[in-house]
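Next come the chains, spelled out residue by residue.
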Amino acid sequence: MITKPELSISSMKTGELGLLHLPRYWSKRLLEIEGRLDQEKVRNEYGLDFTLMQGLGLGIVEPAEYLFHKRPSYAEFEQWIAQQLGGGPDRALVQRLNKMVRCYLEQAHQSYPIEGKDIQEPVLSADDLACWRKNGYVVLRNAVSVKDCREAETAIWDFLGMDPQNPESWYDDEHTFWVSLFQHPALNKNRASPRIRKAFEQLWGSDDLWVTVDRSSLNRPERDGIDISGPSRLHWDVSLALPIPFGIQGLLYLSDTSAEQGAFRCVPGFHHRIDQWLEKLPPEQNPREQDLESLGPVPVTGSAGDFVLWHHALPHGSGRNLANYPRVVQYIKLFPHDYGIHPVWK
Ligand SMILES: O=C(O)CCC(=O)C(=O)O
């Protein structure tokens, strides 16, 4: 019986759902909310927490918000999970997640792409892979059907309460670039796209990958000179402490996206030279505050259904939308449970 949050609750403890680590995850979040969590003691568990919640199909935002606002008992937390998933996780998923937890706790968390594994029916061609190696990004064309894109796009418009045909409805004080819609059948269908999965498998050299339940975004045309294009500033989402472990991010264009329509931008090939660039910076300089625009970002365009994969060491961001129609995007990432997370955030 799990009654109160304690750091002594081990990852091997389970509740009604039979999931390893879930009671410890619940415990840590509640202790954190109460300001009683010693972050140093749990720093190396971040990847485990992340994979467990993504693997369950919940993502990390909604469970954190639920725990923060409701501070539920452990039994209530499990009930909430079952409700979100339309029933508890099935036996096969529980087994796969529990295996992942055991592996995670047993292994050193070094991450690297495994070279030369024979993967059947590749979706990235030799030219695509050459582009990936040289530039650190690649576009998988027709990753999902236009129909599936339309359905996801419609779900996003409905969630926002906006009309895609009526520009007047696109601008309100309530919504920003990011769209916090996580659970929707159309979004889940795209997350399960076999072509997207295969592309990540090729680049990771592994078929034991988990998929994130991430946000979407609506990059609206600029209006009245107001820049509403979200993360247009080039940035990294990974720690810049060296060595930067291998990692891949991805986005799915749900609407056709031209260069001037706020397309994704990145600095091609920067993953090859980021180490030298960082080492040359005077120690008092913050790499994130440098003139990253001068590094030469390029827009990566695509049609609805095209999927962009990029190495997370590339400075990247969205462009400013100077066209007439919003750019609509769903973010999807697949990763192995033991992918490297540098313990120091820099
Ligand atoms: O949406 C984009 O084009 C960029 C997304 C981005 O910057 C990110 O996911 O960190």
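Since the structure is predicted, the reported quantities are computational estimates derived from the model, not experimental observations. (Residues numbered from 1 in each chain as written. Predicted model: local features only at pLDDT ≥ 70, side-chain atom pairs only at ≥ 80, totals over all residues.)

Participant: How should I be thinking about the sheet that holds strand β8 (residues 307-311) in this particular structure?
Facilitator: What holds strands together in a sheet is hydrogen bonding between their backbones, with the strands either parallel or antiparallel. Pairing is antiparallel across the open sheet formed by 6 strands, whose spatial order is β1-β8-β5-β10-β4-β2. Unpaired on one side and paired on the other, β1 (137-140) and β2 (178-179) mark the two borders of the sheet. (Pairing = 2+ DSSP bridges. Helix = DSSP H or I, 4+ residues; strand = E, 2+ residues; numbered from the N terminus.)

Participant: Explain the pairing of strand β5 (residues 248-253) to me, please; I cannot follow it from the model alone.
Facilitator: Two faces, one strand: in a regular strand the side chains alternate between the faces of the sheet. Taking burial as the measure, the 6 residues of β5 include 6 buried ones, the bulk of the element. Going residue by residue along β5, you find Ile-248, Gly-250 and Leu-252 tucked away on one face and Gln-249, Leu-251 and Tyr-253 tucked away on the opposite face as well. Where β5 and β8 come together, 5 bridges link them in antiparallel fashion. Residue pairing for β8: Leu-252 is matched across the bridge by Phe-307. Alignment of β5 against strand β10 (residues 327-331), held across 3 bridges, turns out to be antiparallel. Residue Leu-251 lies in a different strand from β10, and its bridge partner there is Tyr-331. (Buried ≥ 20, exposed ≤ 12 C-beta atoms within 10 Å, placed from the backbone.)

Participant: Before we go on, may I ask you to explain the site of the ligand in this structure?
Facilitator: Ser-217, Pro-231, Asp-237, Leu-251, Phe-264, His-316, Gly-317, Ser-318, Val-329 and Tyr-331 make up every residue found near the ligand. Secondary structure elements with two or more residues in the shell around the ligand: β9 (316-318) and β10. Tallying contributions element by element places β9 first for the shell around the ligand, with 3 residues. Per-class residue counts for the shell around the ligand are 5 nonpolar, 4 polar and 1 charged. (Near = placed C-beta within 6 Å. Nonpolar A, V, L, I, M, F, W, Y, C, P; charged D, E, K, R; others polar.)

Participant: Honestly, the environment of Leu-129 in this entry has me stumped. Any pointers?
Facilitator: With respect to the helices, strands and loops of the structure, Leu-129 is situated in helix α7 (residues 126-135). For Leu-129, a count of 14 C-beta atoms within 10 Å gives the class partly exposed. As a C-alpha pair, Leu-129 and Gln-202 span 73 residues in sequence and 9.0 Å in three-dimensional space.

Participant: Help me understand the sheet that holds strand β7 (residues 298-300) in this model?
Facilitator: If you trace the 3 strands from one edge of the open sheet to the other, you get β7-β6-β9, paired in antiparallel fashion. Edge strands, defined here as strands with exactly one partner in the open sheet, are β7 and β9. Across the sheet, the axes of successive neighbouring strands diverge by a mean angle of 30°, strand direction being ignored. Two elements, strand β6 (residues 264-266) and β7, share 3 bridges in a ladder whose sense is antiparallel. (Axes fitted to C-alpha atoms, helices over the stretch in contact; angles between N-to-C directions.)

Participant: How should I be thinking about unusual backbone geometry in this particular structure?
Facilitator: What is expected of a backbone is that most residues other than glycine have negative phi and most peptide bonds are trans. Pro-243 follows Leu-242 through a cis peptide bond whose omega is -5°. For Pro-243, the location among the structural elements is in the loop between β4 (216-219) and β5. Look at His-21: it is not a glycine, yet its phi comes out positive at around 70°. Mapped onto the elements of the fold, His-21 is located in the segment before α1 (22-33). Classification of His-21 as buried rests on a count of 26 C-beta atoms within 10 Å. One non-glycine residue with positive phi stands out, namely Arg-71, at about 45°. Looking at where Arg-71 falls in the secondary structure, it is placed in the loop between α4 (61-70) and α5 (74-84). Accessibility expressed as a C-beta count within 10 Å gives 14 for Arg-71, which makes it partly exposed.

Participant: What should I look at first to understand helix α8 (residues 146-160) in this one?
Facilitator: In an α-helix there are 3.6 residues to a turn, and that puts residues three or four apart on one side. Over its 15 residues, α8 runs 21 Å from end to end, which matches the ideal 21 Å to within 8%, given 1.5 Å per residue. Turning to α8, its buried residues number three or more, namely Cys-149, Ala-152, Glu-153 and Ile-156. Burial along α8 is one-sided: seen end-on, the buried residues are contained in an arc of 100°. For α8, the exposed residues lying more than 90 degrees away from the buried face are Lys-147 and Asp-158. Residues of α8 that are buried make contact with β2, α9 (185-191), β4 and β10. Trailing α8 by a residue or two, Gly-161 shows a phi angle of about 70°, which is positive. (Expected span 1.5 Å × (residues − 1). Arc of directions from axis to C-beta. Contact = placed C-beta atoms within 7 Å.)

Structural measurements only, silent on function.
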